[in-house]
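# Survey of secondary and tertiary structure
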Amino acid sequence: MNISKHLSLKEATRSRTATKNGLSNQPNDIQVQSLIILADKVFEPLREHVAGPIYVSSAFRSAALNTRIGGSSTSQHCKGQAIDIDDTYGSATNAMMFQYIYDNLDFDQIIWEYGDEENPDWVHVSYVSEEENRNQALKVSRKTGKAVYSFWK
């Protein structure tokens with residue numbers, strides 16, 4: 001099943017950790033609908049802009065999977081509202097994708113995930129709804145082994 005032109009439900013739920021640990025990572029109908037909206041509002045416009053494939057490292061996470069990987073208890077991934085993307089295929093750098101989303105798309109939260117000043121290791125972006133999106137841009141870095149969030153720019 002495709003949730004958008006360039007994103008399948010299988011890709012949005014893929015998880016080696018879930019497979020390795022025998023965890024279900026199947027979204028319910030409400031979570032699938034959130035994934036469809038996220039793909040429509042963020043993933044597909046970005047995919048069209050970079051004119052090439054974008055690697056999805058994480059999208060939907062079941063509560064059990066999220067706990068197993070040590071994710072936040074309030075993770076939007078568990079609602080189907082967040083996606084982590086990476087420039088694995090070379091269509092655009094992570095920094096370029098971050099900047100395009102920030103400048104051109106509506107989003108709830110976008111996070112420059114680790115990396116350095118030039119390029120994040122990956123980009124986290126979430127979408128709730130036009131009315132509820134916070135348009136919050138953050139940067140996360142590691143200090144003494146802990147994730148430290150700050151506002152981007």
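Above: the structure in question.
First things first, this report covers the structure right here in the doc. (Residues numbered from 1 in each chain as written. Predicted model: local features only at pLDDT ≥ 70, side-chain atom pairs only at ≥ 80, totals over all residues. Heavy atoms only, no water.)

## As for empty space enclosed by the protein
Tallied over the entire structure, the rule returns 1 cavity of 30 Å³ or more. What the largest cavity holds in volume is close to 40 Å³. Taken together, Val-50, Pro-53, Ile-54, Tyr-55, Asp-86, Asp-87, Thr-88, Tyr-89, Gly-90, Ser-91, Ala-92 and Met-97 make up the full set of residues lining the largest cavity. (1 Å grid on protein atoms, 1.4 Å probe; cavity = no way out; pocket = protein on both sides within 12 Å on 5 of 7 lines; lining within 4 Å. Points joined across faces, edges and corners; volume = space filled by probe spheres on them.)

## A short note on the sheet that holds strand 6 (residues 122-126)
Strand order in the open sheet formed by 6 strands is 3-4-6-5-7-8, and the pairing between neighbours is mixed. For this open sheet the edge positions go to strand 3 (55-58) and strand 8 (146-151), each flanked by a neighbour on one side alone. Going across the sheet, the axis of each strand differs from the next one's by a mean of 30°, ignoring polarity. As paired elements, strand 4 (residues 82-86) and strand 6 share 4 bridges and run antiparallel to each other. (Pairing = 2+ DSSP bridges. Helix = DSSP H or I, 4+ residues; strand = E, 2+ residues; numbered from the N terminus. Axes fitted to C-alpha atoms, helices over the stretch in contact; angles between N-to-C directions.)

## Let's talk about the side chain of Asp-86
Note that Asp-86 resides in strand 4. One buried charge, Asp-86, has no salt-bridge partner; the nearest side chain with opposite charge is Arg-14, at 9.7 Å. (Buried < 20%, exposed > 50% of the residue type's maximum accessible area, 1.4 Å probe, protein only. Lys, Arg positive; Asp, Glu negative; His and termini not counted. Salt bridge = Lys/Arg side-chain N within 4 Å of Asp/Glu carboxyl O.)

## Looking at the side chain of His-77
Within the element layout of this structure, His-77 appears in the loop between helix 4 (63-69) and strand 4. With relative accessibility at 3%, the residue His-77 sits in the buried group. Of note is the side chain of His-77, whose polar atom sits 3.4 Å from the backbone oxygen of Ala-82. If we ignore the near neighbours within four places in the chain, the residues touching His-77 are Ser-58, Ala-59, Phe-60, Arg-61, Ala-82, Ile-83, Asp-84 and His-124. (Polar contact = N/O pair within 3.5 Å; in protein donor to acceptor, adjacent residues only side chain to side chain. Contact = heavy atoms within 4.5 Å.)

## Topic: the layout of surface pockets
Quantified by volume, the largest pocket comes out at close to 870 Å³. What lines the largest pocket is a set of 27 residues, and nearest its centre among them are Ser-58, Arg-61, Ile-69, His-77 and Asp-84. Of all elements in the fold, only helix 2 (16-20), strand 3, helix 4, strand 5 (109-113) and strand 6 reach the threshold of two or more residues within the lining of the largest pocket. A breakdown of the residues in the lining of the largest pocket according to their chemical character gives 9 nonpolar, 13 polar and 5 charged. (Nonpolar A, V, L, I, M, F, W, Y, C, P; charged D, E, K, R; others polar.)

## A few points about unusual backbone geometry
Not every positive phi belongs to a glycine, and Asn-135 is a case in point at roughly 50°. Along the polypeptide, Asn-135 turns up in the loop between strand 6 and strand 7 (136-143). Owing to a relative accessible area of 40%, Asn-135 belongs among the partly exposed residues under this scheme. Backbone geometry at Thr-144 places phi at a positive 45°, although glycine is not the residue there. On the secondary structure map, Thr-144 appears in the loop between strand 7 and strand 8. The class of Thr-144 is exposed, set by a relative accessible area of 82%.

Coordinates in, geometry out; function isn't part of it.
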